[in-house]
Amino acid sequence: MKVLILGIDGYIGFPLALRLIDQGHEVYGADNFYTRKRSRKVNADSAIKIDSMNERIKKTGNKIKFYYGDVSNPKFIYDLIKNTMPDAIVHLGEQRSAPYSMISLDTANETLIKNIKSTMNIIYAVKDIKKDIHIVKLGSMGEYGTPNIDIPEGFFNIEYHGRSDYLPFPRMGQSWYHMSKVHDSYNLMLANKIWGLNISDVMQGVVYGTRTGEINKYNLNTRFDIDEIYGTVLNRFASQAILGIPLTVYGQGNQKRAFLSLEDSITCLNLILNNPPHNEYRVYNQFDEYYSLNYIAGAVAKNYKSLTGTDIEVSHIDDPRIESQDHYYNPANENLKKIGYRRQRSLDDEIPVILSDLENNKKRLIKLKDSIMPKTKWNK
Ligand code: USQ
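Residues numbered from 1 in each chain as written. Predicted model: local features only at pLDDT ≥ 70, side-chain atom pairs only at ≥ 80, totals over all residues. Heavy atoms only, no water.

With an unreviewed UniProt entry as reference, the protein chain is termed NAD-dependent dehydratase, source organism Acidiplasma cupricumulans. As its UniProt record puts it under Sequence similarities (unreviewed entry), the protein chain is described as follows: "Belongs to the NAD(P)-dependent epimerase/dehydratase family." (UniProt positions renumbered as here; feature names shortened; annotations may be inferred.)

Here it is as structure tokens:
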């Protein structure tokens, strides 16, 4: 397979590239190093040192062909697709932080406009240049919000006033970032309806972890963010434990979210690439299990205690976000199981590995300490 990864420098993009080259696929990648730059702008950085893209490519034996550019620029995307003529495009190249999108009108507009534009660029370029390309688009479980009913995979049967239909499930993102992904989903759905494009729309949960089999094999790290803007919850809790500061559960901690390890995320994307839809818009809810934030904090504290013998405090701080604190949550994830997904790494497999990797990077963590406490508030 010829695969073009947009956002190849990111947390998911780079390990996915390693998995694909290891399997003998032809890998092309694009990035404008936006996350590296934005992260420095908020006085943060990857807590685990990562190589430059040149170094990364060299260490893979020059198996990745890299293009520098911005996916929200239509000319860049058209030229890129004409030059590479891939079988599949994995679009991971969007602004990926919910807190970043909530800082100001500028960052909200930047997130909405750039994210929506990038997906539209891909839709039009694929339609105009090579209609059978499989578009794998990274969406978010957060597109659904937290409704008081079960969450299906994209669509559901509904009866209303005596009539019934199979309709898109309501999407209720809780940040401008999540809303940008909601708009992407509707745009992809329409692109399939009018031009028959082959689309896998991936509603991914919160990813945790520092490693995959190929990160170990090639000895090449992926970035790992722990700051209030780019760090996600479990990765942040693990770094707080290593720094000896109380874990920052926002609000009551009964909020439930869907989670999966980095290894499982890469395996799922690989399965999706190997099972392309034909003239279909297909939705996958990509997660392994769902947990409350209290459970996640407890799992980090428990693993920290068994590694070090030391207790770590779990604190409940004012929730900077507007989100339900205690709610029903029951999302489905059958579509990935149907194409062969089985969990490879559980929470208790992965947390000790994360803690040990972070312990080895403690000096970097100490430098990032000031970026941890949340400053971005939804209701400001
Ligand atoms: N949270 C805490 N303490 C923290 C950080 C977060 O309690 O120190 C809570 C948040 O309030 C939220 C939950 O943990 O309820 C998840 O927050 P997060 O920052 O880990 O994840 P989120 O902002 O939802 O976004 C992340 C990724 C995004 C992806 C999404 C999947 O940044 O790209 O789309 O996870 S999902 O959460 O399913 O929408």
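There is more to say after this.
**Student:** What am I meant to see in the site of the ligand here?
**Tutor:** Looking at the ligand, there are 22 residues lining it, with Ser140, Tyr177, Val233, Thr248 and Glu323 nearest. In the model, an oxygen atom of the ligand is placed 2.7 Å from a nitrogen or oxygen of the Val233 main chain. Within the backbone of Tyr250, one N or O atom sits 2.9 Å away from an oxygen atom of the ligand. When isolated, the ligand has an accessible area of 730 Å², and the protein chains bury 94% of it. Per-class residue counts for the shell around the ligand are nine nonpolar, eight polar and five charged. (Near = heavy atom within 4 Å. Polar contact = N/O pair within 3.5 Å; in protein donor to acceptor, adjacent residues only side chain to side chain. Areas by Shrake-Rupley, 256 points an atom, 1.4 Å probe, with all protein chains shown as cover. Nonpolar A, V, L, I, M, F, W, Y, C, P; charged D, E, K, R; others polar.)

**Student:** It is not clear to me how the UniProt feature "domain: NAD-dependent epimerase/dehydratase" (unreviewed entry) in the protein chain should be interpreted in this structure. Could you clarify?
**Tutor:** UniProt feature "domain: NAD-dependent epimerase/dehydratase" (unreviewed entry): in the numbering of this structure it lies at residues 3-285. Along residues 3-285 the backbone is 40% helical and 22% strand, and the end-to-end C-alpha distance reaches 22 Å. (Helix = DSSP H or I, 4+ residues; strand = E, 2+ residues; numbered from the N terminus.)

**Student:** How do you make sense of the nonpolar core when you look at a structure like this?
**Tutor:** Taken as a class, soluble globular proteins show a tendency for nonpolar side chains to be buried jointly. Membership of the largest hydrophobic core comes to 36 residues, with the highest contact counts inside it found for Ile5, Ile12, Leu16, Val27 and Ile64. Every element with two or more residues in this core is listed here: strand E1 (2-6), helix H1 (13-22), helix H3 (53-59), strand E4 (88-91), strand E5 (134-140), helix H8 (213-218) and helix H10 (262-273). Among the elements that take part in this core, H10 stands out by supplying seven residues, more than any other. Judged by nonpolar contacts, the second largest core, of 35 residues, contains Ile77, Ile89, Leu188 and Ala258. (Core = buried A, V, L, I, M, F, W, Y, C linked by side-chain atoms within 4.5 Å. Buried < 20%, exposed > 50% of the residue type's maximum accessible area, 1.4 Å probe, protein only.)

**Student:** How should I be thinking about the sheet that holds strand E13 (residues 289-292) in this particular structure?
**Tutor:** Each strand in a sheet pairs with its neighbour through backbone hydrogen bonds, running either in the same direction (parallel) or in the opposite one (antiparallel). Here we have three strands laid out as an open sheet, ordered E9-E11-E13, and mixed in their pairing. Here the strands that pair on one side only, and so sit at the sheet edges, are strand E9 (206-208) and E13. Here the strands of the sheet are splayed against their neighbours by 45 degrees on average, with no regard to which way each runs. For strand E11 (residues 256-261) and E13, the ladder comprises four bridges, and the chain directions are antiparallel. (Pairing = 2+ DSSP bridges. Axes fitted to C-alpha atoms, helices over the stretch in contact; angles between N-to-C directions.)

**Student:** Sorry if this is basic, but what is going on with the packing of aromatic side chains here?
**Tutor:** Each aromatic ring pair is summarised here by two numbers: the centre-to-centre distance and the angle between the ring planes. Tallied over the entire structure, the rule returns 12 aromatic pairs. Taking 5.7 Å as the distance between ring centres and 40 degrees as the angle between the ring planes, the aromatic pair formed by Phe33 and Tyr68 counts as tilted. With a gap of 35 residues between them, Phe33 in the loop between strand E2 (26-31) and helix H2 (34-41) and Tyr68 in strand E3 (residues 64-68) connect regions that are remote in the sequence. A ring pair is formed by Tyr291 and Tyr295, whose centres lie 5.1 Å apart and whose planes are at 5 degrees; its orientation type is stacked. We classify Tyr291 as buried; its relative accessible area is 14%. Three or more aromatic residues joined by ring pairs make a cluster, and in this case those are Phe33, Phe66 and Tyr68. For the cation-ring pair, Arg56 lies above Phe14, with the distance from its terminal atom to the ring centre recorded as 3.9 Å. Positioned above the aromatic ring of Trp195, the side-chain terminus of Lys127 is 5.0 Å from the ring centre. (Phe/Tyr/Trp six-rings, centres within 6.5 Å; stacked < 30°, edge-to-face > 60°. Lys NZ or Arg CZ within 6 Å of the ring centre and 35° of its normal.)

**Student:** Would you take a moment to explain the side chain of Glu263 for this structure?
**Tutor:** The topology assignment puts Glu263 in helix H10. At a separation of 3.0 Å, a polar atom in the side chain of Glu263 contacts the main-chain amide nitrogen of Gly213. Other than its neighbours up to four places away in sequence, Glu263 contacts Arg19, Arg211, Thr212, Gly213, Gln344 and Arg345. (Contact = heavy atoms within 4.5 Å.)

**Student:** Can you walk me through unusual backbone geometry in this structure?
**Tutor:** Where the residue is not glycine, phi is negative for most of them; where a peptide bond is considered, it is trans in most cases. Located in the positive-phi region is Met85, a residue other than glycine, with phi close to 40 degrees. In this fold, Met85 is placed in the loop between helix H4 (74-84) and E4. By relative accessible area, which is 32% here, Met85 ends up partly exposed. For His161, which is not glycine, the phi torsion reads 50 degrees and is therefore positive.

**Student:** Where do I start with the pattern of salt bridges in this structure?
**Tutor:** Opposite charge on two side chains allows them to pair when their charged atoms are near. This model, assessed by the stated rule, comprises 28 salt bridges. Across the pair Lys137 and Asp184 runs a salt bridge whose closest N-O atoms are separated by 3.0 Å. Here Lys137 is found in strand E5, whereas its partner Asp184 is found in helix H7 (residues 176-195), with 47 residues between them in sequence. Lys137 sits in the buried class, given a relative accessible area of 1%. Look at Asp184 and you get buried, because its relative accessible area is 0%. As a salt-bridge pair, Asp357 and Arg211 come within 2.7 Å of each other at their nearest N and O atoms. Of this pair, Asp357 sits in helix H13 (residues 347-359) while Arg211 sits in the loop between E9 and H8, and the two are 146 residues apart along the sequence. (Salt bridge = Lys/Arg side-chain N within 4 Å of Asp/Glu carboxyl O.)

**Student:** Explain the sheet that holds E1 here, please?
**Tutor:** Read from one edge of the open sheet, seven strands run E3-E2-E1-E4-E5-E8-E12, paired in parallel fashion. Every interior strand has two partners, whereas the edge strands, E3 and strand E12 (281-286), have only one. Each adjacent strand pair in this sheet contributes to an overall mean axis angle of 20 degrees, direction not counted. Bridge analysis of E1 against E2 gives five bridges, and the strand direction is parallel. Within E2, the position partnered with Leu4 by the bridge is Tyr28.

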